[in-house]
Amino acid sequence: VGDGEVGALARELEAMRARLVELDRRHRQDERLATLGLFTATIAHEVRNPLSAVRLTVQLAARAPGADARLAPLTDELDRLDLTVDELLGFARGMNVERQPCDLAVVAADVLRLLRRQADHAGIALALVPAPASAAPVQADPRRLRQLLLNLLLNALQARRDGRAASRVAVELAADGFAVADDGPGVDPALVPRLFDAFTSDRVGGTGLGLNLARAIAEAHGATLAYEPGNPGARFVLRGLVAAVPVVSD
């Protein structure tokens, strides 16, 4: 509309319209998150007690002499459910973390063990790339980091686009975090600007909450979670975890 006062006014009005649209979108999202928070807190509360009872029963049965070997995989699946319940409670109550010295290699090994059968069934190879030998434990909440890593790995294992899926997913450990890299279809470029927003997903049946919760866990630790396009595939990188301070005895 030109470069004069009318043109400047038109551009300002368009910028205002865009801001109002964005504010309306965020307001609607906040309303949905509040409703979902109440719902998830109720579900998590109702599930936790019977889940704990089932888990204890299975663990005791697995430790009994002559126990059925098929109970071990069942224990792993119950561990996954327990992590999911904790994640729901974290979403509903806020992402609190309880920091302690945490070995990222142990966290990664635990999560890879829980997902090994799912990956094998999908024909996807899981790999663990160790951190440098000098890497020290970090000060973090190991349970929350397991939830974060579980969400990133599930995202990589379940990603499908244009008939393509990953054949390999790797967890790459670093001194201050880790990355999850895959050789799958990558993220649709149109989705990238709002990739970590709640309810953002292009996967059939996806809730669009996994990456949102993963970033919330990272930020609760004072760290960052970022997406990097792969060639091919996708790479999600957690950076900024603080090294644990060694305890010096007198």
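Residues numbered from 1 in each chain as written. Predicted model: local features only at pLDDT ≥ 70, side-chain atom pairs only at ≥ 80, totals over all residues. Heavy atoms only, no water.

A. Spotlight on the overall build of the protein. The number of helices and strands found in the protein is five helices and seven strands. Taken from N to C terminus, the helices and strands of the protein fall in the order α-α-β-α-β-β-α-β-β-α-β-β. Look at the contacts in the protein between residues 6 or more apart in sequence, and 70% of them connect residues 24 or more apart. As displayed, the protein has an accessible area near 14400 Å², and 57% of this comes from carbon and sulfur atoms. (Helix = DSSP H or I, 4+ residues; strand = E, 2+ residues; numbered from the N terminus. Contact = heavy atoms within 4.5 Å. Areas by Shrake-Rupley, 256 points an atom, 1.4 Å probe, with all protein chains shown as cover.)

B. Broad picture of a nonpolar patch on the surface. On the surface, a cluster of nonpolar side chains totalling about 500 Å² of accessible area is made up of Leu9, Leu13, Met16, Leu20 and Leu23. Taking relative accessible area as the criterion, Leu23 reaches 56% and is therefore assigned exposed. (Patch = residues over 30% accessible without salt bridge, like charges linked within 9 Å, V, L, I, M, F, W, Y side chains within 5 Å. Salt bridge = Lys/Arg side-chain N within 4 Å of Asp/Glu carboxyl O. Buried < 20%, exposed > 50% of the residue type's maximum accessible area, 1.4 Å probe, protein only.)

C. Quick peek at the sheet that holds strand β6 (residues 224-229). With respect to topology, five strands assemble into an open sheet ordered β2-β4-β5-β7-β6, the strand pairing being mixed. The open sheet has two edge strands, β2 (125-129) and β6, and neither has a second partner. The average angle at which neighbouring strand axes cross in this sheet is 15 degrees, direction not considered. Bridge count for β6 against strand β7 (residues 234-239) is six bridges, and the pairing is antiparallel. Pairing of Pro229 across the sheet is with Ala234, part of β7. Of the strands in this sheet, β2, β4 (168-174) and β5 (177-182) are in contact with helix α3 (residues 104-122), which crosses β2 at around 175 degrees. Of the strands in this sheet, β2, β4, β5, β6 and β7 touch helix α4 (residues 142-158), which is tilted by about 10 degrees from β5. (Pairing = 2+ DSSP bridges. Axes fitted to C-alpha atoms, helices over the stretch in contact; angles between N-to-C directions.)

D. Quick look at the packing of α4 against helix α5 (residues 210-220). The geometry of α4 relative to α5 is characterised by a closest axis approach of 9 Å and an angle of 150 degrees between their N-to-C directions. Handedness of the α4/α5 crossing: left-handed. Every residue of α5 that contacts α4 at Arg144, Gln147, Leu148, Asn151, Leu152 and Asn155 is listed here: Gly210, Leu211, Leu213, Ala214, Ile217 and Ala218. For the contact of α4 with α5, the class distribution of residues is seven nonpolar, four polar and one charged. (Left-handed = near helix turned anticlockwise from the far one by under 90°. Nonpolar A, V, L, I, M, F, W, Y, C, P; charged D, E, K, R; others polar.)

E. Region of interest: the nonpolar core. Leu152, Leu153, Val169, Val171, Phe178, Phe236 and Leu238 are the most contacted members of the largest nonpolar core, which totals 48 residues. Of all the secondary structure elements, the ones that give two or more residues to this core are α3, β3 (138-140), α4, β4, β5, α5, β6 and β7. Per-element tally for this core: the top contributor is α4, with nine residues. Contact partners of Val169, with chain neighbours within four places excluded, come to Ile124, Ala125, Leu126, Ala127, Leu153, Ala156, Leu157, Val180, Ala181 and Asp182. Grouped together as the second largest cluster of nonpolar side chains are five residues, Leu51, Val58, Leu78 and Val85 included. (Core = buried A, V, L, I, M, F, W, Y, C linked by side-chain atoms within 4.5 Å.)

F. Geometry of unusual backbone geometry. Cis geometry is adopted by the peptide bond preceding Pro232, which originates at Asn231 and carries an omega value of 5 degrees. Residue position: Pro232 is located in the loop between β6 and β7.

G. Summary view of α3. Its 19 residues give α3 an end-to-end C-alpha distance of 26 Å, which sits within 8% of 27 Å, the value for a rise of 1.5 Å per residue. The largest bend in α3 amounts to roughly 45 degrees and is located at Leu115. Looking only at α3, the buried set comprises Leu104, Val107, Ala108, Val111, Leu112, Leu114, Leu115 and Ala119. Two to three positions downstream of the cap, the backbone nitrogen of Ala105 sits 2.9 Å from a side-chain oxygen, assigning the N-cap of α3 to Asp103. Once α3 ends, the next one or two residues include Gly123, with phi positive near 75 degrees. (Expected span 1.5 Å × (residues − 1). Bend = angle between axes of the 7 residues up to and from the residue. Polar contact = N/O pair within 3.5 Å; in protein donor to acceptor, adjacent residues only side chain to side chain.)

H. Molecular detail of the packing of aromatic side chains. Within this structure, the stated rule accounts for two aromatic pairs. Ring centres of Phe196 and Phe236 lie 6.2 Å apart, and the angle between their planes is 85 degrees; this geometry places the pair in the edge-to-face category. Taken as a pair, Phe196 in the loop between β5 and α5 and Phe236 in strand β7 lie far apart in primary sequence, 40 residues in all. Classification of Phe236 as buried rests on a relative accessible area of 3%. (Phe/Tyr/Trp six-rings, centres within 6.5 Å; stacked < 30°, edge-to-face > 60°.)

I. View of the pattern of salt bridges. Taken as a whole and assessed by the stated rule, the structure comprises six salt bridges. Here Arg19 and Glu12 are joined by a salt bridge, their closest N and O atoms 3.5 Å apart. Classification of Arg19 by relative accessible area gives partly exposed; the value is 45%. Take Glu12: its relative accessible area is 43%, and that puts it in the partly exposed class. Linked by salt bridges that have partners in common, Glu172, Glu228, Arg235 and Arg239 make up one network.

These figures capture arrangement, not role.
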